[in-house]
Amino acid sequence: MSSGTLLGGRAVMLAAQAVRMGEWRDVAQQNWFSPSNRFAALAFGGMTETVGPERSTTVPGEYVMVPSALAETLGRGGDRDRPVVELDGGACPELAELARACRGEVFVRAEGLDRDDLLLDDVDRLYRLVGLRRHRRIFVQYDATGRLRAAALAYRGPLGLNFSFLENRCDVLVSPELDATEAQRALDALIAAASTAYEDFEPGCVPVAGETPMDRLVRAGAEAVRPYTRAIWLAEAYPDVHRHIDRLYASRLRGRGQHPRRNP
């Protein structure tokens, strides 16, 4: 992070992107921002217009903290014909298909849902070298016909420096074919099942992210954090994103000077 001047912010962002371009080891990058943050919305909200929808996407959604006690009770009284099961690893084309229907191909590639290492075992091995963990558990729900209709991607990792705990989010995917009642039931069942992945999570909650409305959860006792929009861009777009950020900051520096606090 950088504070104080636009020059500092630009230097940090361009350097970070240049490193990724130089190493060329990852598949994608993403940035989460509040829609109320006008500069972030300008920089990342129009990503698809800048680099194209084939290489980038923006995903709006809600983000709430569900207390552990509440999360554990949500699955009670659920539909027994639609149980939630946990995936044990390996490729799952049905999950990739659901994610594609919910958020598109860029999201599927960026989150590695089209590959074999769904639980992030390779990443976890690297973190274990320094005594940390970084992994993902996946819970899915099928309908009465056996079709996968909803999923929860429960990420776990170090708490990090982001006080929204996004690196530990429970990312929920619910089929757009479900009606509002079915979607809410699927959401409840998934959160209840995924709560087992957060039993040792220090804040004592399940941080849930998704497009499905969270109003009922908030009325039941969950904390509404804020709306978040996620901008995702693939590795092949890195040079274009670098140029986009450079031009954006250059324009802002010309128009407002180097001290944003003096130029609100």
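Each remark here, short or long, concerns the structure printed above.
What you see is a predicted model; the values in this text were computed from it and never measured.

Conventions adopted
- Throughout, a residue's number is its position along its own chain's written sequence, starting from 1.
- Confidence filtering applies because this is a predicted model: local features only for residues at pLDDT of at least 70, side-chain atom pairs given and counted only at 80 or more, and all residues used for totals across whole chains, interfaces and linings.
- Remark: hydrogens and water are excluded; side-chain values derive from all non-hydrogen atoms of the structure.
- Secondary structure elements follow DSSP: runs of H or I no shorter than four residues count as helices, runs of E no shorter than two count as strands, and numbering proceeds from the N terminus.
- Each residue's exposure class comes from its accessible area (1.4 Å probe, protein chains only) as a fraction of the maximum for that residue type: buried when under 20%, exposed when over 50%, partly exposed otherwise.
- Pairing between two strands is assigned when DSSP locates at least 2 bridges connecting them.
- Axes, fitted as lines to C-alpha atoms, cover a helix only where it is in contact. Angles between the N-to-C directions of the axes lie from 0 to 180 degrees.
- Here a cavity means grid points, on a 1 Å grid over the protein atoms only, where a 1.4 Å probe fits yet cannot get out; a pocket means an open set of points with protein on both sides within 12 Å along at least five of seven lines; lining residues are those with an atom within 4 Å of a point.
- Grid points are joined across faces, edges and corners, and a volume is the space filled by probe spheres set on the points.
- Residue polarity is assigned by list, with Asp, Glu, Lys and Arg as charged and Ala, Val, Leu, Ile, Met, Phe, Trp, Tyr, Cys and Pro as nonpolar; anything else, Gly included, falls into the polar class.
- Here, the arc refers to the directions that run from the helix axis to the C-beta atoms.
- Between Lys or Arg on one side and Asp or Glu on the other, a salt bridge is scored when a side-chain nitrogen of the former is within 4 Å of a carboxyl oxygen of the latter.

**Describing the environment of Gly 45**
For step 1, the next point in the chain: Note that Gly 45 resides in the loop between helix 2 (38-44) and helix 3 (47-51).
For step 2, the next point in the chain: Here Gly 45 falls in the partly exposed class, since its relative accessible area comes to 31%.

**Description of the sheet that holds strand 4 (residues 135-142)**
Working definition: the strands of a sheet are paired by backbone hydrogen bonds and lie parallel or antiparallel to each other.
For step 1, the next point in the chain: Across the sheet, 8 strands lie side by side as 1-8-2-7-6-5-4-3; this open sheet has mixed pairing. Every interior strand has two partners, whereas the edge strands, strand 1 (28-33) and strand 3 (84-86), have only one. The mean angle between the axes of side-by-side strands here comes to 25°, regardless of whether they run parallel or antiparallel.
For step 2, the next point in the chain: As defined by bridge partners, strand 1 adjoins strand 8 (residues 223-234) across 6 bridges and the pair is classed as antiparallel.

**Observations concerning empty space enclosed by the protein**
For step 1, the next point in the chain: Scanning the entire structure with this criterion turns up 1 cavity of 30 Å³ or more.
For step 2, the next point in the chain: Taken as a whole, the largest cavity encloses approximately 70 Å³ of empty space.
For step 3, the next point in the chain: The wall of the largest cavity is formed by Trp 32, Val 59, Pro 60, Gly 61, Glu 62, Tyr 63, Arg 103, Ala 209, Gly 210, Glu 211, Tyr 228 and Arg 230.
For step 4, the next point in the chain: Counting only elements with at least two residues in the lining of the largest cavity, the list comes to strand 2 (56-67), strand 7 (205-210) and strand 8.
For step 5, the next point in the chain: A per-element tally of the lining of the largest cavity places strand 2 first, with 5 residues.
For step 6, the next point in the chain: Split by residue class, the lining of the largest cavity holds 6 nonpolar, 2 polar and 4 charged.

**Some words on helix 5 (residues 93-103)**
Side chains of residues three or four places apart in an α-helix project in the same direction, reflecting 3.6 residues per turn.
For step 1, the next point in the chain: Every buried residue of helix 5 is listed here: Leu 95, Ala 96, Leu 98, Ala 99 and Arg 103. For helix 5, the arc enclosing every buried residue in end-on projection is 160°, short of the 170-degree limit, so these residues lie on one face. Seen from the buried face of helix 5, the exposed residues on the opposite side, beyond 90 degrees, are Pro 93 and Ala 101.
For step 2, the next point in the chain: Two residues or fewer after helix 5 comes Gly 104, characterised by a positive phi angle close to 95°.

**A few points about the pattern of salt bridges**
For step 1, the next point in the chain: Using the criterion set out here, one finds 21 salt bridges in the structure.
For step 2, the next point in the chain: Asp 122 is paired through a salt bridge with Arg 125; the nearest N and O atoms lie 2.1 Å apart. Note that Asp 122 and Arg 125 are positioned in helix 7 (residues 121-128) at a spacing of 3 residues, about one turn of the helix.
For step 3, the next point in the chain: The class for Asp 122 is partly exposed, based on a relative accessible area of 44%.

In short, geometric facts, not functional conclusions.
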